[in-house]
Amino acid sequence: MPMDSNAVISEIKKGFILDSIKKGKRIDGRSLTDFREIKITENFIPKACGSAMVELGKTKVVAGIKIEEGTPFPDSPESGVMALNIELLPMAFPTFESGPPSEQAIEYSRVVDRGIRESNVIDTSKLVIEPGEKVWMVYIDIDVLNYDGNIIDACTLAAVSALKNAIVPASKYGGEDFKLPVNALPVSVTMAKIGDELVCDPDLEEEQVSNGRITVTMAEDNHIHAMQKGDVGEFSLDEIRKAIKTSSDIGSKIREKYLR
Amino acid sequence: MEGNIKLINDDGLRLDGRAFNEMRPIKIQTGVIEKADGSAFIEWGANKIIVAVYVREAYPKHTQNMDRAIVKARYNMAGFSVEERKRPGPDRRTMEISKVVSEALSSAIILEKLPRVEIDVFIEVLEADAGTRIASLTASSVAVADAGVPMRDLVVGCTAGKADGRVVLDLSKDEDNYGQADIPMAILPRTGKVVLLQIDGDVSEEEFDQATSMMMNAMKDISKIQRDALMSKYSIEDGE
């Protein structure tokens, strides 16, 4: 959530959002667990090895994947490399600035990275060309083009969708191109605590009135692969258990509908 | 990585001899940095972390918040704190830790009491041996209290994780490296509300419940160590 003064919300609107959520409905008509409309455009950037544009309501992100040959890290000679980075572009929001990544961008990147890495979407042991010498490096870069809340879920969806259609460009190096093997389809579900309720996929205004955020990323195994409590705020253990259940329910629906 | 490392032996004990629900020893001392408004030194197993707190008018001025204090924790690792030298300066990991620690402390501090103020929490990890973010937060909250900042409660943290597929308390370095999950958590002990929680790895719902109930228990003891550290600064030693 941008903490800057540009991101203020009027008390009247805040009251309206809170009252509405107390009654179980959100001001845009969604139920507490509804996501905004999701639109995924795969292969949006043909020059990339894999790509996807994701629109989550008005939030818009593009993930592009570049796969190159490189040398493995000395401590893991028999494993390819995956790196994920989210750029909060200055065009995406009035208070986003160019320059080195903000704490906010770094936190988002790391939460999305963990969800993908820990659910073993890519089996890095299969990305070895010559052990200790040459491996495939998978760079996932995500540009946030318009910020209207819930970057984490938009970026996880974009990254997984892009990985699904990624091709390893082995022919550039004298081999034969092959499809990047994808083992899991993790979905992150982020909830904002507003009043005493947890609401899924908060938009910007909801983020601004929330007291804390919680993200739970699960794969097909229904296990938690990443979780992050973010922003200032507190959750009871019961709320966290509820968040896990919601992520499991809503996440599997999103997986079936948009990632299969 | 190396799946064949055995973290729990046939007697159910861990590599360092602890039971699955046993903590490493923890020691906290306050008032260790004379210049700072508040400070604390924590030894948590082989972790050695020192925290200093400065409470002052926020600068530059435009960062001031007219109705509350802002909390800026900076988690930093000394070059010599880990096996391979850590390159000085912030990286993605340390910046994320600084952020989640700042947010957890913000939930405990009564920010409205200190408008326009900045609470700088400088965390220096002198020796790292798994669990530094939680040890840092646990020490930071003592250091903030030591600085006389009004607080709702002392944030207390703990970690759990999985070693050889089993839920264990307070991960050691090996368990952190070769285990299957890492779960740092911190609460406000009076209400039990969670102010920091991260998971990475592979955790089922049942395992999550096991881990949290183990941590909730352990945090009672750690809370007491925090309180004792604060109290002992003001107690008069016998026999002097």
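In what follows, the accompanying structure is described.

Parameters and conventions
- Residues numbered from 1 in each chain as written.
- Chains lettered and ligands numbered in written order.
- Predicted model: local features only at pLDDT ≥ 70, side-chain atom pairs only at ≥ 80, totals over all residues.
- Heavy atoms only, no water.
- Helix = DSSP H or I, 4+ residues; strand = E, 2+ residues; numbered from the N terminus.
- Rg over C-alpha atoms; globule rule 2.2 N^0.38 Å.
- Buried < 20%, exposed > 50% of the residue type's maximum accessible area, 1.4 Å probe, protein only.
- Contact = heavy atoms within 4.5 Å.
- Areas by Shrake-Rupley, 256 points an atom, 1.4 Å probe, with all protein chains shown as cover.
- Lys, Arg positive; Asp, Glu negative; His and termini not counted.
- Charge placed at Lys NZ, Arg CZ, Asp CG, Glu CD.
- Axes fitted to C-alpha atoms, helices over the stretch in contact; angles between N-to-C directions.
- Left-handed = near helix turned anticlockwise from the far one by under 90°.
- Nonpolar A, V, L, I, M, F, W, Y, C, P; charged D, E, K, R; others polar.
- Buried area = accessible area lost by both parts, 1.4 Å probe.
- Polar contact = N/O pair within 3.5 Å; in protein donor to acceptor, adjacent residues only side chain to side chain.
- Pairing = 2+ DSSP bridges.
- Parallel < 35°, antiparallel > 145°, perpendicular 65-115°, else oblique.

### What about the overall build of chain A?
Looking only at helices and strands, chain A has 5 helices and 12 strands in total. In terms of overall size, chain A behaves like a compact globule, its C-alpha atoms giving a radius of gyration of 19 Å where 260 residues would be expected to give roughly 18 Å. The principal-axis extents of the C-alpha atoms in chain A amount to approximately 65 × 40 × 30 Å. Looking at the 260 residues of chain A, the share that counts as buried comes to 57%. Residue pairs at least 24 apart in sequence account for 68% of intrachain contacts in chain A once pairs closer than 6 positions are excluded. Surface summary for chain A: the accessible area is close to 11100 Å², and the carbon and sulfur share equals 51%. Between the mean site of the 31 positive side-chain charges and the mean site of the 42 negative ones, chain A shows a separation of 5 Å.

### Points about the overall build of chain B
When helices and strands are tallied, chain B shows 4 helices and 9 strands. Along chain B, from the amino end to the carboxyl end, the secondary structure elements read β-β-β-β-α-β-α-β-β-α-β-β-α. Relative to the compact-globule value of 18 Å for 240 residues, chain B shows a C-alpha radius of gyration of 18 Å, a close match. Its C-alpha atoms give chain B principal-axis dimensions of about 55 × 50 × 35 Å. The 240 residues of chain B split such that 52% are buried. Restricting to contacts in chain B with at least 6 residues of sequence separation, those with at least 24 account for 68%.

### Topic: the packing of helix 1 (residues 92–108) of chain B against helix 2 (residues 132–146) of chain B
All names here are of chain B. Remark: helix 1 packs on helix 2, axes separated minimally by 10 Å, with the N-to-C direction vectors making an angle of 40 degrees. For the pair helix 1 and helix 2, the crossing hand works out as right-handed. Across from Arg-93, Ile-97, Val-101, Ala-104 and Leu-105 in helix 1, the residues of helix 2 making contact are Thr-132, Arg-133, Leu-137, Ser-140 and Ser-141. Of the residues assigned to the contact of helix 1 with helix 2, the class counts are 5 nonpolar, 3 polar and 2 charged.

### Comments concerning the interface of chain B and chain A
Contacts between the two partners involve 29 residues from chain B, matched on the other side by 34 residues from chain A. Regarding the contact of chain B and chain A, the summed buried area is about 3000 Å², with carbon and sulfur atoms giving 53% of it. By the criterion of area lost to chain A, the three top residues of chain B are Arg-92, Lys-99 and Glu-205 of chain B, representing 22% of everything that side buries. Here chain B is connected to chain A by 17 residue pairs in polar contact (both at pLDDT 80 or more). Only helix 1, strand 9 (193–203) and helix 4 (205–232) of chain B provide two or more residues apiece to the side of chain B that touches chain A. Among the elements that line the side of chain B that touches chain A, the one with the most residues is strand 9 of chain B, at 11 residues. Note: strand 12 (residues 224–230) of chain A against strand 9 of chain B, 4 bridges, orientation antiparallel. If you follow Ile-224 of chain A over to strand 9 of chain B, its bridge partner there is Val-203 of chain B.

### With respect to the sheet that holds strand 10 (residues 197–200) of chain A
Here we have 8 strands laid out as an open sheet, ordered 10(A)-9(A)-11(A)-12(A)-9(B)-8(B)-6(B)-7(B), and antiparallel in their pairing. Of all the strands in the sheet, the pair left with one neighbour each is strand 10 of chain A together with strand 7 (166–169) of chain B. Between one strand axis and the next, the sheet turns by 20 degrees as a mean value, whatever way the strands run. Relative to strand 9 of chain B, strand 8 (residues 181–188) of chain B is paired through 6 bridges, and the arrangement is antiparallel. By the bridge assignment for strand 9 of chain B, Ala-186 of chain B is matched with Leu-196 of chain B. Together, strand 11 (213–218) and strand 12 of chain A together with strand 8 and strand 9 of chain B form the strand contacts of helix 1 of chain B, whose direction differs from that of strand 9 of chain B by roughly 145 degrees.

### What about the sheet that holds strand 3 (residues 47–57) of chain B?
Residue and element names in this part refer to chain B. Here 5 strands make up an open sheet; going across it, the order is 1-2-3-5-4 and the pairing mixed. At either margin of the open sheet sits one strand with a lone partner, and together these are strand 1 (26–30) and strand 4 (70–77). Geometrically, the sheet is characterised by an average inter-axis angle of 15 degrees between neighbouring strands, direction not taken into account. The sheet contact formed by strand 3 and strand 5 (residues 117–127) spans 10 bridges and is antiparallel. Bridge pairing in strand 5 places Ile-49 opposite Val-125. On top of the sheet, helix 1 reaches strand 4 and strand 5; it is set at about 145 degrees to strand 4, its chief contact. The strands that helix 4 touches are strand 1 and strand 2 (38–44); relative to strand 1, the one it contacts most, it runs at about 25 degrees.

### Considering the packing of helix 2 of chain B against helix 4 of chain B
All names here are of chain B. It is the contact of helix 2 with helix 4, at a shortest axis distance of 10 Å, that shows an interaxial angle of 30 degrees. Classified by the interaxial angle, the pair formed by helix 2 and helix 4 is roughly parallel. At the point where helix 2 passes helix 4, the crossing takes the right-handed sense. Contacts between helix 2 and helix 4 involve Thr-138, Ser-141, Val-142, Ala-145 and Asp-146 from the first element and Ile-222, Gln-226 and Leu-230 from the second. Here the contact of helix 2 with helix 4 is built from residues that sort into 4 nonpolar, 3 polar and 1 charged.

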